[in-house]
Amino acid sequence: MSTSVTRRTVLAGGTGAAVGLTLPGPAAHADGHRPASVSFTLDATTLDGGEQVTSVTLHTARLGPIDTAGLHPGTFTVHARATSPVPIAPGDLIFSEYDLDRTVTAARLDRRGNIVLDLGHGEGQLGGGTLGYILSKGRNVRLDLVYTITQNSPLVRRHGPPVTITDFVQGRLSNPEVDAFSHHVSGSGLKYRLYSPKRPPRRGGRPLIVWLHGAGEGASLPDGHYDNETTLRANRGALGFATPEAQRIFSDAYVVAPQSTSYWMEDGPRFAPLIREIVEDLVRRERVDPDRIHVAGCSNGGYMALEMTVTCPDLFAASVPVCGVVEPLGGDGPPLITDAELAGIRTPTWLVTSLDDGTVPPGTNTVHAHDLIPGSLVTLYDRVVWNGYQFPGHFSWIYVARNDPSHHGTHLWQWMARRRR
């Protein structure tokens, strides 16, 4: 027997207040195996192509030491069901829902004595993702995940009789990189996530990196779904700047990821002061060096990074627009940023795109902007390939999140870290 509850149900009950391990009374099954109830955590990792559940941790430490000789991938079966958190209108589509068994590749004990079930995962692999894409909204949402664990053979303990787990209670989704960003709401209502360096500053303030998401990670839906989640789960754009490598290069930096209530291109000049409000509030509240504030963004956010340097020419030490939009997609209407505005940008700018980008044409956008922005740098990739996997050409932000672009031997993050307003 196995039972599960949804993430939403658990959170409504007080963030796992009811998921502590409980052992029943002295009664035992007829076969002598003691029954038990345990909670479990979904362990997620944000891959370059988006977040996936990569393992499940069963909180079995209180059962006593488990004999690993009897622990193998077939000891448990893991079934996953992922559904939209919001109603999908008739005729609309949401991509990446699933209802399937996850492959258990290994069963092991962590240092606390909990059982960890490693799950098959990888770029482009269906069935482990945490996000779904609603076609009509052009919007990613965090899926409701229901995992059902079934025990197939008793757990052998080093001391005492074998244990059969009768109930598995689902707990939270855990992603250490995402969880390191705190939740906030600005005075004007924009939600944002903030990474704060762990070490106290030695002297002066710290850099601040503003990451602006793509179109699929913004927007409050008609039912008020505005999650402040997908900006960190859809790609590694913001997370890359919070890695130990980036923090070392920037000598510890704050990283802020605002979430649009629609999408930046809808009304960039209106959103610009709302983003600036967040930045200025952080300068007041945190140890931010106002001369070392950087802005970067991808696609829709690449446009907004350019718009921020047009609207706030005195704010940033560096700007990194990635596959940013300058001309309206489809070719209809006036440019989102005029040639005169591009020519007037004085913020040091490094543009990045892939020449096979089929979503935002490089020539009329990134290359055109580079031709007009005085002193700007540009990195043009032929295609987007990382760790042997080829991504869609639009995903050039992967290179930025991995500090791959370079110019005369200087990589992007080092270039940013040297800039001062």
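None of the values given here were measured: they were computed from a predicted structure.

**Quick word on the environment of Ala 317**
Working step 1: By secondary structure assignment, the location of Ala 317 is in the loop between α7 (300-311) and β17 (318-322).
Working step 2: When the C-alpha positions of Ala 317 and His 294 are compared, they lie 5.5 Å apart, and in sequence the two are 23 residues distant.
Working step 3: For Ala 317, the residues in contact, after removing those within four places along its chain, are Asp 291, Arg 292, Ile 293, His 294, Thr 347, Pro 348, Arg 419, Arg 420 and Arg 421.

**As for the sheet that holds strand β4 (residues 94-95)**
Working step 1: Across the sheet, which stays open at both edges, the three strands sit in the order β4-β8-β9 with antiparallel pairing between neighbours. Edge positions in the open sheet fall to β4 and β9 (139-142), since each of these has one partner strand only.
Working step 2: Sheet topology places strand β8 (residues 131-134) next to β9; four bridges connect them, and they run antiparallel. Each bridged residue has a counterpart across the sheet, and for Gly 132 the counterpart in β9 is Val 141.

**What about the pattern of salt bridges?**
Working step 1: One pass over the full model with this rule turns up 20 salt bridges.
Working step 2: Arg 139 is paired through a salt bridge with Asp 227; the nearest N and O atoms lie 3.8 Å apart. Of this pair, Arg 139 sits in strand β9 while Asp 227 sits in the loop between β14 (206-212) and α3 (230-233), and the two are 88 residues apart along the sequence.
Working step 3: In this structure, Arg 199 engages Asp 252 in a salt bridge whose closest nitrogen and oxygen atoms are separated by 2.9 Å. Placement of Arg 199 in the loop between β13 (191-195) and β14 and of Asp 252 in the loop between α5 (244-249) and β15 (254-259) is noted, with a sequence separation of 53 residues between them.
Working step 4: One network of salt bridges, with partners in common, ties together Glu 51, Arg 142, Arg 193, Glu 229 and Arg 233.

**Quick look at the pairing of β14**
Working step 1: For β14, a buried count of seven out of seven residues is recorded, marking the element as mostly surrounded by other parts of the structure.
Working step 2: Where β14 and strand β16 (residues 288-298) come together, six bridges link them in parallel fashion. Across the sheet, Ile 209 pairs through a bridge with His 294, a residue of β16.

**Concerning the packing of helix α6 (residues 268-285) against α7**
Working step 1: Contact pair α6 / α7: the axes reach a minimum separation of 9 Å and the direction vectors enclose 75°. In terms of axis orientation, α6 runs roughly perpendicular to α7. Where α6 abuts α7, its residues Gly 268, Pro 269, Phe 271, Ala 272, Ile 275 and Arg 276 lie against Tyr 303, Met 304, Glu 307, Met 308 and Thr 311.
Working step 2: Partitioned by chemical class, the residues of the contact of α6 with α7 number seven nonpolar, two polar and two charged.

**Observations regarding α7**
Working step 1: Helix length check: α7, at twelve residues, gives a terminal C-alpha distance of 16 Å against a target of 16 Å (1.5 Å per residue), a fit within 8%.
Working step 2: Most of α7 sits out of view: ten of its twelve residues are buried.
Working step 3: Where the residues of α7 are buried, they touch β14, α6, β16 and β17.

**Points about helix α9 (residues 363-372)**
Working step 1: For α9, the full list of buried residues reads Asn 365, Thr 366 and Ala 369. In a view along the axis of α9, the buried residues occupy a sector of 80°, so they form one face of it.
Working step 2: Considering only its buried residues, α9 is in contact with α8 (339-343), β18 (350-354) and β19 (377-381).

**Regarding a nonpolar patch on the surface**
Working step 1: Judged by side-chain polarity, Leu 93, Phe 95, Tyr 133 and Leu 135 come together as a nonpolar surface patch covering roughly 360 Å² of accessible area.
Working step 2: Considering the arrangement of structural elements, one finds Leu 135 in the loop between β8 and β9.

**Let's talk about the sheet that holds strand β10 (residues 144-151)**
Working step 1: Pairing is antiparallel in the open sheet, where three strands are placed in the order β5-β3-β10. Whereas interior strands pair on both sides, the edge strands pair on one side only; in this sheet they are β5 (98-102) and β10. For this sheet, the mean inter-axis angle between neighbouring strands, taken without regard to orientation, is 15°.
Working step 2: Sheet topology places strand β3 (residues 76-83) next to β5; five bridges connect them, and they run antiparallel. Bridge pairing in β5 places Ala 82 opposite Tyr 98.

**Comments concerning the confidence of the model for the protein chain**
Working step 1: Residues with a pLDDT of 70 or more make up 92% of the protein chain, whose mean pLDDT is 91.
Working step 2: This model gives residues 1-32 a pLDDT under 50, and the stretch forms 58 contacts once residues within four places in sequence are excluded.

**A closer look at the packing of aromatic side chains**
Describing an aromatic ring pair means giving the distance of the ring centres and the angle of the ring planes.
Working step 1: One pass over the structure, following the stated rule, counts eleven aromatic pairs.
Working step 2: Pairing Phe 241 with Trp 413 gives two aromatic rings, centres 5.6 Å apart and planes at 40°, and the pair type is tilted. Residue Phe 241 is found in the loop between α4 (237-240) and α5, and its partner Trp 413 is found in helix α11 (residues 412-418); the two are separated by 172 residues along the sequence. Each member of the pair, Phe 241 as well as Trp 413, carries the same accessibility label: buried.
Working step 3: On the basis of an interplanar angle of 90° and a centroid distance of 5.3 Å, the ring pair of Trp 264 and Phe 271 is categorised as edge-to-face. The same class applies to Trp 264 and to Phe 271, which are both buried.
Working step 4: Feature note: the residues Tyr 389, Phe 391, Phe 395 and Trp 397 constitute an aromatic cluster, connected by ring pairs.
Working step 5: Its guanidinium or amino end placed over the ring of Phe 271, Arg 270 lies 4.4 Å from that ring's centre, counting from NZ or CZ.

Basis of the calculations
Residues numbered from 1 in each chain as written. Predicted model: local features only at pLDDT ≥ 70, side-chain atom pairs only at ≥ 80, totals over all residues. Heavy atoms only, no water. Helix = DSSP H or I, 4+ residues; strand = E, 2+ residues; numbered from the N terminus. Contact = heavy atoms within 4.5 Å. Pairing = 2+ DSSP bridges. Salt bridge = Lys/Arg side-chain N within 4 Å of Asp/Glu carboxyl O. Buried < 20%, exposed > 50% of the residue type's maximum accessible area, 1.4 Å probe, protein only. Axes fitted to C-alpha atoms, helices over the stretch in contact; angles between N-to-C directions. Parallel < 35°, antiparallel > 145°, perpendicular 65-115°, else oblique. Nonpolar A, V, L, I, M, F, W, Y, C, P; charged D, E, K, R; others polar. Expected span 1.5 Å × (residues − 1). Arc of directions from axis to C-beta. Patch = residues over 30% accessible without salt bridge, like charges linked within 9 Å, V, L, I, M, F, W, Y side chains within 5 Å. Areas by Shrake-Rupley, 256 points an atom, 1.4 Å probe, with all protein chains shown as cover. pLDDT = per-residue confidence, 0-100. Phe/Tyr/Trp six-rings, centres within 6.5 Å; stacked < 30°, edge-to-face > 60°. Lys NZ or Arg CZ within 6 Å of the ring centre and 35° of its normal.

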